[in-house]
Amino acid sequence: MSAPPRSDQEKLSQISVKGIALVENVKNTKTTFNRHLHYTLVKDRNVATARDYYYALAHTVKDNLVSRWIRTQQHYYDTDPKRVYYLSLEFLMGRTLTNTMVNLGIQSTCDEALYQLGLYIEELQEIEDDAGLGNGGLGRLAACFLDSMASLGMASYGYGLRYEYGIFAQKIQNCEQVEEPDDWLRFGNPWEKARPEFMIPINFYGRVEKTNGVSKWVDTQKKFNRERYCREITKDDNGGFDNEEKLGQKMTMN
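Here we summarise the structure given alongside this text. Remember, it's a predicted structure, so these values are computed and weren't measured experimentally.

Section: the pattern of salt bridges
Side chains bearing opposite charge may pair, as long as their charged atoms lie close to each other.
Part 1: As enumerated under the stated definition, the model contains 9 salt bridges in all.
Part 2: A salt bridge links D63 to R35; the shortest N-O distance between them is 3.3 Å. Separated by 28 residues along the polypeptide, D63 in helix α3 (residues 50-79) and R35 in helix α2 (residues 23-40) bring together distant segments of the chain.
Part 3: The shortest N-O distance in the salt bridge between E192 and R162 comes to 2.8 Å. One end of the pair, E192, is in the loop between β4 (176-182) and β5 (193-204); the other, R162, is in strand β2 (residues 156-162), and 30 residues separate them in sequence.
Part 4: According to the relative accessible area criterion, E192 is buried, its value standing at 11%.

Spelled out as structure tokens, the structure:
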């Protein structure tokens, strides 16, 4: 995110018609938000929590991606381009909601729609947990590669592990650092789409057996993991970009 304006001139430069959401777009966003709150989350205003409102907003924003996901895949099937598959043990992607709204150019629309509903977008953005898929430089570098490939419009995918727990969550107790598992999935993840029809066999343990100079991995414990389409990065309407190419990230879950 860009730094907040500091000088009075920079603040005044924000007063622009470019940041004003269209009335029709705001109306549609409010309708979609209400539909997800009632029919996806099965809640109403009497029992909905702030987290429920965040999930309704996340599903509303994700709706803007679905048609683009499908068009991108159709384009790939029609043109059969060379694809890049990036494998990494970590992907430090950060929070998805704000990044997606900015990339799609709908942040002002969502902000105005929530304001008219009596909600504040900043409060809902703070509810989202960071994806527990990385812990440092390696994960951040992998995320930068995905962003770069999306900006270049490359047919690319990131493959990694969907950790049930993040690396760790840090707390300070009695002036000492205490580490505990980061249960980032305790409330679910609205940005992923499970693909239970695609099961991936993964072997654990076992031993290596050599026969006639050929090594084989035997006596393993096989586990079938489901594939999940975790998130998608788009460069549409971001910083002057004009491109329908998308970048997918797929995770295997435990």
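Here the narrative resumes.
Thoughts on the packing of aromatic side chains
Part 1: This model, assessed by the stated rule, comprises 7 aromatic pairs.
Part 2: Centre to centre, the rings of Y86 and F91 are 6.3 Å apart; their planes meet at 75 degrees, and the pair counts as edge-to-face.
Part 3: Here Y86 falls in the partly exposed class, since its relative accessible area comes to 21%.
Part 4: By relative accessible area, which is 1% here, F91 ends up buried.
Part 5: The interplanar angle of 70 degrees and the centroid separation of 6.5 Å between the aromatic rings of Y115 and Y120 together place this pair among those described as edge-to-face.
Part 6: The exposure class assigned to Y120 is partly exposed, which follows from its relative accessible area of 46%.

Things to note about helix α5 (residues 107-116)
Part 1: Those residues of α5 that sit buried are T109, C110, A113 and L114. The buried residues of α5 occupy an angular sector of 125 degrees when the element is viewed end-on, so they sit on one face.
Part 2: Backbone geometry just after α5 places G118 at a positive phi near 85 degrees.

As for α3
Part 1: Counted at 1.5 Å a residue, the expected span for α3 with its 30 residues is 44 Å, and the 44 Å between its end C-alpha atoms agrees.
Part 2: The largest bend in α3 comes to about 30 degrees, at N64.

Some words on the side chain of T29
Part 1: With respect to the helices, strands and loops of the structure, T29 is situated in helix α2.
Part 2: Looking at T29, its side chain comes within polar contact range of the main-chain oxygen of N25, at 2.9 Å.
Part 3: The contacts of T29, once residues within four sequence positions are left out, are T60, T109, C110 and A113.

Notes on the pairing of β4
Regular strands place side chains that alternate from one sheet face to the opposite one.
Part 1: Note: strand β3 (residues 166-173) against β4, 6 bridges, orientation antiparallel. The residue bridging I172 from the neighbouring strand is Q177, located in β4.
Part 2: Once β3 ends, the chain turns through 2 residues before running back antiparallel as β4, passing N174 with a positive phi of about 55 degrees.

Regarding a negative patch on the surface
Part 1: Negative charge collects at one region of the surface, where D111, E112, E122 and E123 lie side by side.
Part 2: Contributing elements (two or more residues each) for the negative patch: α5 and α6 (121-125).
Part 3: Topologically, E122 is positioned in helix α6.
Part 4: The exposure class of E122 is partly exposed, given its relative accessible area of 44%.

Digging into a nonpolar patch on the surface
Part 1: There is a patch of nonpolar side chains on the surface, built from V84, L152 and M154 and spanning about 250 Å² of accessible area.
Part 2: Considering the arrangement of structural elements, one finds V84 in strand β1 (residues 84-87).

What counts as what
Residues numbered from 1 in each chain as written. Predicted model: local features only at pLDDT ≥ 70, side-chain atom pairs only at ≥ 80, totals over all residues. Heavy atoms only, no water. Salt bridge = Lys/Arg side-chain N within 4 Å of Asp/Glu carboxyl O. Helix = DSSP H or I, 4+ residues; strand = E, 2+ residues; numbered from the N terminus. Buried < 20%, exposed > 50% of the residue type's maximum accessible area, 1.4 Å probe, protein only. Phe/Tyr/Trp six-rings, centres within 6.5 Å; stacked < 30°, edge-to-face > 60°. Arc of directions from axis to C-beta. Expected span 1.5 Å × (residues − 1). Bend = angle between axes of the 7 residues up to and from the residue. Polar contact = N/O pair within 3.5 Å; in protein donor to acceptor, adjacent residues only side chain to side chain. Contact = heavy atoms within 4.5 Å. Pairing = 2+ DSSP bridges. Patch = residues over 30% accessible without salt bridge, like charges linked within 9 Å, V, L, I, M, F, W, Y side chains within 5 Å. Areas by Shrake-Rupley, 256 points an atom, 1.4 Å probe, with all protein chains shown as cover. Lys, Arg positive; Asp, Glu negative; His and termini not counted. Charge placed at Lys NZ, Arg CZ, Asp CG, Glu CD.

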